[in-house]
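Coordinates in review
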Amino acid sequence: MNKMAAPGRPKRTSRRWSALGVVLIFAGWELAARLMGPMLMATPLEALRSIGILAGDPGFWAHSRDSLTRIAIGVGAGCGIGFALGVLAGHDARLRGLLEPLRWLLMAIPPVVVVVLAMLWFGLGSGMVIFITVLMMAPGMYVNTVKGMRMIDAGLLEMGQVYRFGAWTRLRHIYLPALAAPLTAALLIAACGGVRLVVMAEVLGAESGVGYALANARSTFDSGRLYAWVLLILGLVALLEFLLLQPVQRRLTRWQEPSHA
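Predicted model, so just to flag it, every value in this text is computed and none were measured. (Residues numbered from 1 in each chain as written. Predicted model: local features only at pLDDT ≥ 70, side-chain atom pairs only at ≥ 80, totals over all residues. Heavy atoms only, no water.)

**Things to note about the UniProt feature "transmembrane region" (unreviewed entry) in the protein**
The UniProt entry lists residues 71–90, 102–122, 128–146, 174–199 and 226–245 under the feature "transmembrane region" (unreviewed entry), expressed in the numbering used here. Across residues 71–90, helical content stands at 100% and strand content at 0%; the span's end C-alpha atoms are separated by 27 Å. With 100% helix and 0% strand, the stretch residues 128–146 has end C-alpha atoms that lie 28 Å from each other. (UniProt positions renumbered as here; feature names shortened; annotations may be inferred. Helix = DSSP H or I, 4+ residues; strand = E, 2+ residues; numbered from the N terminus.)

Set out below in structure tokens:
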């Protein structure tokens, strides 16, 4: 009689296959650039050369600084607001019901519409970009926090009441461990989505930043500079994920590993 094999831990993503995926992307990019021509698409080598030229331009550092500041403030404030409201709404069904129409509205409205309205209200500049980012980032973090709060073991909450845990102790030892998985996933999505959102807002209505530089490169048909900025944006997203978000995720979910059981 055959015994059913016990389920093992999910295997980690293979770095070799990930590296192969990167190679295939660049190969496809090279092929597409050759088919479309230099006016429409620069080759990977041309984009890399243009990065070196950009690094020597004083405007490069100013645009990069403005975009990084907007990303940090917008994503940080949006996630912080979404998390705080999610914790409160997870405790109170009345607040959850009150916020539900606003949550649905913010998640249903197209970002381009928000950009147009923000341009009317704030004009061009950082205020408009940060407002859009906060408004678009908060709902996703809110939803994941509320769902995580509602899945917390009632026994743990009762234990906290019995031992009279304070608000900080409950947050640190009950809520954060239980919310670690959904929150880190939401934070990863928010950070990557926030970069895209800031760049889009800058393309449509800012006077500085990476998106503004992208729009200028497009208007002058400088495909090398255009795709150099695209590579730099991808590099920023990779740095955020692999050097910041994944280490935070591993630390927050370390207690779930078998060695910590």
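**Observations concerning helix α1 (residues 15–36)**
In this model, α1 (22 residues) spans 31 Å end to end at C-alpha, consistent with the 32 Å of a helix rising 1.5 Å per residue. Downstream of α1 by one or two residues, G37 has phi in the positive range, about 95 degrees. (Expected span 1.5 Å × (residues − 1).)

**Points about the packing of helix α3 (residues 58–91) against helix α4 (residues 93–108)**
Two quantities define a packed helix pair, namely the angle between the helix axes and the distance between the axes. Two elements in contact, α3 and α4, have axes whose closest approach is 5 Å; the angle formed by their N-to-C orientations is 125 degrees. Judged by the angle between their axes, α3 and α4 are oblique. Where α3 abuts α4, its residues L85, L88, A89, G90 and H91 lie against A93, L95, R96 and L99. Residues that form the contact of α3 with α4 fall into these classes: 6 nonpolar, 2 polar and 1 charged. (Axes fitted to C-alpha atoms, helices over the stretch in contact; angles between N-to-C directions. Parallel < 35°, antiparallel > 145°, perpendicular 65-115°, else oblique. Contact = heavy atoms within 4.5 Å. Nonpolar A, V, L, I, M, F, W, Y, C, P; charged D, E, K, R; others polar.)

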